[in-house]
Amino acid sequence: MTMNRDIIKALQQLRNEPVFGDRTPEQAAVSKASLYARLGFDVEKMAVAPAYSWKDYAEFYLYQFRHNVLRPAMVGLGMFVLVVGGWMTSVSAAYESVPGDFLYPIKIVSEQARLSIATSDQARATLHMEFASRRLAEVNTLSNSSDSAKTAHMKTAVAAFNNEVTEVQSVMESFGNTDAGAELASALDVKVNEYVATIDQTVSGLDETSDVAEEVADAKVNAEEAGTQATEVLVDAAPTNAMAAEDFEKSFQKDLMQIEQDVKLTLGRITVIQQAVNNGVAVLPAGVDLRFMTSRLQHFNTQIHDAMNVLAAGGYRSAYDTVGEIKGTIAEVQQQVIDLELSVVAQRDWSVNVSPIEE
């Protein structure tokens with residue numbers, strides 16, 4: 001064992017001896033020069049350090065930039081385009097979706113994303129008005145579908161519509177009697193007309209016994225209340241805001257046209273009831289006077305004329321209150337007419353179903 005260690009130690013001492021292959025730096029340089037000469041290289045030129053020009057450095061750094069910066073960036077950009085492009089395609093496809101559809105959650109998420117990046121309350125309120133229109137469009141689409149769960153999905157969309165309108169009302173209330181409030185009120189006043197028209201279209205296709213009919217009717221009431229709030233803002237802002245004054249005057253003229261239409265329609269229904277009474281088909285309940293009801297509707301012309309004169313003199317609030325009183329009276333008379341129509345129909349059906357008594 002000791003002999004082996006002595007042999008190994010002796011070999012380690014001899015490894016640096018030239019006879020066992022070790023070379024000095026000078027010997028190594030001579031051997032390298034001899035090898036280069038045999039291979040045909042110019043030894044003198046190779047001994048001189050190469051001189052690089054600015055072009056060489058530019059090409060080197062350009063190569064490094066392309067491979068270490070530009071290529072990874074392009075790969076990342078490509079992945080971003082694929083992801084975003086796929087997302088935008090999904091959002092586009094989800095635009096026409098309704099509650100219950102596979103893509104509908106994407107539609108809602110995209111709306112929430114737009115709300116989150118809105119830069120002002122005014123912008124958010126505008127988005128809420130747009131989304132409210134979408135919810136009603138969904139309700140209308142579902143009402144014509146054959147989906148077995150469409151009632152539940154319609155209720156979901158109606159509830160979402162109410163929430164969107166509430167959000168707009170909240171922002172408008174926070175603005176108060178300001179230019180921003182007047183601008184939002186003007187936009188909402190226009191939107192409410194759109195909402196009511198869409199709801200009426202939906203109601204016309206619903207069965208009166210539909211489980212969602214009550215929710216849709218309530219949605220119309222909510223929309224009309226939002227319209228009333230918008231008009232109130234315009235009335236308050238009109239004396240000092242030219243845009244609000246112009247928009248209120250348009251709303252005023254629209255109300256007058258609606259009043260005229262409602263009066264004509266209600267008078268025609270009263271005439272039909274009177275004919276049924278004259279023909280002996282029905283008997284009026286005690287205390288009902290059709291002539292008084294007719295008189296109430298025919299005396300609006302004077303009130304409307306006075307309201308128009310007051311408005312021309314800048315009395316926005318007074319003109320608005322007068323129109324409100326007229327609309328309230330019409331609604332009261334219309335409810336009386338509905339009750340009488342139901343009574344006439346019931347009496348007519350009873351008289352048809354009762355057989356004459358034989359003598």
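To be clear, the structure that these remarks concern was listed above.
From a predicted model like this one, the values you see are computed outputs, not experimental measurements.

1. Examining empty space enclosed by the protein
- In the structure shown here, the tally under the stated rule is 1 cavity of 30 Å³ or more.
- Here the largest cavity is characterised by a volume of approximately 40 Å³.
- In terms of lining, the largest cavity is formed by L136, V139, V158, T198, I199, T202, V216 and A219.
- The greatest single-element share of the lining of the largest cavity, amounting to 3 residues, is contributed by helix α8 (residues 179-204).
- Of the residues contributing to the lining of the largest cavity, the split by class is 6 nonpolar, 2 polar and no charged.

2. What about the pattern of salt bridges?
- Scanning the entire structure with this criterion turns up 20 salt bridges.
- Between K220 and D200 there is a salt bridge; the shortest N-O distance is 2.8 Å. Taken together, the residues K220 in helix α9 (residues 213-237) and D200 in helix α8 connect sequence positions 20 residues apart.
- A relative accessible area of 24% places K220 in the partly exposed class.
- For D200, a relative accessible area of 35% translates into the label partly exposed.
- Its salt-bridge partner being E341, residue R269 comes within 2.9 Å of it at the nearest N-O pair. With a gap of 72 residues between them, R269 in helix α10 (residues 242-278) and E341 in helix α13 (residues 316-353) connect regions that are remote in the sequence.
- Classification of E341 as partly exposed rests on a relative accessible area of 26%.
- Taken together, the shared-partner salt bridges in this structure form one network comprising K107, E111, R114, E130, R134, R135, E138 and E164.

Scoring rules and cut-offs
- Residues numbered from 1 in each chain as written.
- Predicted model: local features only at pLDDT ≥ 70, side-chain atom pairs only at ≥ 80, totals over all residues.
- Heavy atoms only, no water.
- 1 Å grid on protein atoms, 1.4 Å probe; cavity = no way out; pocket = protein on both sides within 12 Å on 5 of 7 lines; lining within 4 Å.
- Points joined across faces, edges and corners; volume = space filled by probe spheres on them.
- Helix = DSSP H or I, 4+ residues; strand = E, 2+ residues; numbered from the N terminus.
- Nonpolar A, V, L, I, M, F, W, Y, C, P; charged D, E, K, R; others polar.
- Salt bridge = Lys/Arg side-chain N within 4 Å of Asp/Glu carboxyl O.
- Buried < 20%, exposed > 50% of the residue type's maximum accessible area, 1.4 Å probe, protein only.

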